[in-house]
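One letter stands for each residue in the lines below.
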Amino acid sequence: MANYYDIGDILAEEELVPTVFQYGANGVGLFDSSDDADKVEAGSRAELPFWLVRELYLRQLVSIRVPPCFDRESKTREEIAADAAHVDLRSRSPYFYELGCKIALLLPPLKCCVYCPKLCHLHTLLGIRDRTIGPFLLVAFQTRYRDVLVKAHALTLTMTPKYLTLLTNEEIKLYEAGQSSIAAFKKWRMGGPRFQVAPVLGRKRKLT
């Protein structure tokens, strides 16, 4: 469930995720734009917001097809491995990391699959088999983290707008934090507030 007080988390759960209906259902024709009938047939494919997909998935009503940008054979993974700093993740999803983490959390831990084969088989039937999403997200963030901070300190104002079009919302926050820190440092170096001795440390100790 999205954090009620976090607009970013709410918007992240509005991202569309490919799904396949496991059963036919009446009164939900709006999910399938290819059919004018007010129903969906078993096997129908649709892209639904993540908040709805999660609830349907947990009720075993749909299977999840991993979004292309997270797929093990995706072009995104190849680009991240080749030159992560210049990959346009924003075009994949502004909430690339948040959405990926939410999908990864639906996966059963590996130890669950060892001790409960039935649970593992259930998740296989429901379409989630790729347990490499979490490690992939970690590698992507780690390899881009340093570059984002370096550019936050060194990039010119004219180049900033173009660079921001490559970043996810989380990375933009990181970039802005880097800019704020360097601005605060420059202000301090040019004569801003210095460290001061706390009054309590300046008091002389009374002899007893």
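Refer to the structure above for everything that follows.
Every value quoted in this text rests on a predicted model; they were computed, and no experiment measured them.

Trainee: Looking at this model, I keep getting lost on the sheet that holds strand β1 (residues 16-21). Mind explaining?
Mentor: The antiparallel open sheet is built from three strands, whose spatial order is β4-β1-β5. The sheet is open, and its two borders are formed by β4 (45-49) and β5 (62-64), each paired with just one other strand. Neighbour-to-neighbour, the strand axes of the sheet open up by a mean angle of 45°, direction not taken into account. Pairing of β1 with β5 involves three bridges; the strand directions are antiparallel. Note that in β5 the partner of Val-20 across the bridge is Ser-63. The strands that helix α2 (residues 50-58) touches are β1, β4 and β5; relative to β4, the one it contacts most, it runs at about 115°.

Trainee: When you look at a nonpolar patch on the surface in this model, what are you seeing that I'm missing?
Mentor: A surface patch of nonpolar side chains, amounting to about 260 Å² of accessible area, comprises Ile-7, Ile-10 and Leu-11. Inspection of the secondary structure assignment puts Ile-7 in helix α1 (residues 7-12). Note on Ile-7: relative accessible area 58%, which makes it exposed.

Trainee: Help me understand the pattern of salt bridges in this model?
Mentor: Any two side chains of opposite charge can pair, so long as their charged atoms come close to each other. Here the structure, examined in full by the defined rule, presents nine salt bridges. For Glu-79, the salt bridge goes to Arg-92, with nearest N and O atoms at 2.4 Å. Separated by 13 residues along the polypeptide, Glu-79 in helix α3 (residues 75-83) and Arg-92 in the loop between α3 and α4 (96-105) bring together distant segments of the chain. In this structure, Glu-171 and Arg-144 form a salt bridge, with 2.6 Å as the shortest nitrogen-oxygen distance. Here Glu-171, found in helix α9 (residues 169-189), pairs with Arg-144, found in helix α7 (residues 133-154); they are 27 residues apart in sequence, far enough to count as distant. Judged by its relative accessible area of 1%, Glu-171 falls in the buried class. The structure contains a network of salt bridges with shared partners spanning Asp-9, Glu-13, Arg-54, Glu-55, Arg-59 and Lys-102.

Trainee: I would appreciate a short explanation of the packing of α7 against α9 in the present structure.
Mentor: Helix-helix packing is described using two parameters, namely the angle between the two axes and the distance between the axes. Direction vectors running N to C along α7 and α9 enclose 40°, while the axes themselves pass 8 Å from each other. By the angle between their axes, α7 is oblique relative to α9. Crossing of α7 over α9 shows right-handed handedness. From α7, Phe-141, Arg-144, Tyr-145, Val-148, Leu-149, Lys-151, Ala-152 and His-153 reach across to α9, where they touch Glu-171, Leu-174, Tyr-175, Gly-178, Gln-179, Ser-181 and Ile-182.

Trainee: Before we go on, may I ask you to explain the nonpolar core in this structure?
Mentor: Soluble, globular proteins show a tendency: their nonpolar side chains are buried together. By size, the foremost hydrophobic cluster in this structure holds 29 residues, and its most contacted members are Phe-70 and Phe-96. Among the secondary structure elements, those contributing two or more residues to this core are β1, β4, α2, β5, α4 and α7. Counting seven residues, the second largest nonpolar core, distinct from the first, contains Ala-152, Tyr-163, Leu-167 and Tyr-175.

Trainee: I tried to follow unusual backbone geometry on my own but got confused; where do I start?
Mentor: Residues other than glycine predominantly adopt negative phi, and peptide bonds predominantly adopt the trans conformation. Even without glycine at this site, Gln-60 takes up a positive phi of about 60°. Residue position: Gln-60 is located in the loop between α2 and β5.

Trainee: I tried to follow the packing of aromatic side chains on my own but got confused; where do I start?
Mentor: Aromatic rings in a pair are described by how distant their centres are and how their planes are angled relative to each other. This model, assessed by the stated rule, comprises six aromatic pairs. Taking 5.5 Å as the distance between ring centres and 85° as the angle between the ring planes, the aromatic pair formed by Phe-96 and Tyr-97 counts as edge-to-face. A relative accessible area of 0% places Phe-96 in the buried class. Take Tyr-97: its relative accessible area is 7%, and that puts it in the buried class. Taken together through their ring pairs, the aromatic side chains of Phe-70, Phe-96, Tyr-97, Phe-136, Phe-141 and Tyr-145 make up a single cluster. The side chain of Arg-77 reaches across the aromatic face of Phe-136, ending 4.5 Å from its centre.

Procedures and definitions
Residues numbered from 1 in each chain as written. Predicted model: local features only at pLDDT ≥ 70, side-chain atom pairs only at ≥ 80, totals over all residues. Heavy atoms only, no water. Pairing = 2+ DSSP bridges. Helix = DSSP H or I, 4+ residues; strand = E, 2+ residues; numbered from the N terminus. Axes fitted to C-alpha atoms, helices over the stretch in contact; angles between N-to-C directions. Contact = heavy atoms within 4.5 Å. Patch = residues over 30% accessible without salt bridge, like charges linked within 9 Å, V, L, I, M, F, W, Y side chains within 5 Å. Areas by Shrake-Rupley, 256 points an atom, 1.4 Å probe, with all protein chains shown as cover. Salt bridge = Lys/Arg side-chain N within 4 Å of Asp/Glu carboxyl O. Buried < 20%, exposed > 50% of the residue type's maximum accessible area, 1.4 Å probe, protein only. Parallel < 35°, antiparallel > 145°, perpendicular 65-115°, else oblique. Left-handed = near helix turned anticlockwise from the far one by under 90°. Core = buried A, V, L, I, M, F, W, Y, C linked by side-chain atoms within 4.5 Å. Phe/Tyr/Trp six-rings, centres within 6.5 Å; stacked < 30°, edge-to-face > 60°. Lys NZ or Arg CZ within 6 Å of the ring centre and 35° of its normal.

Everything listed here is a matter of geometry and, on its own, says nothing about what the molecule does.
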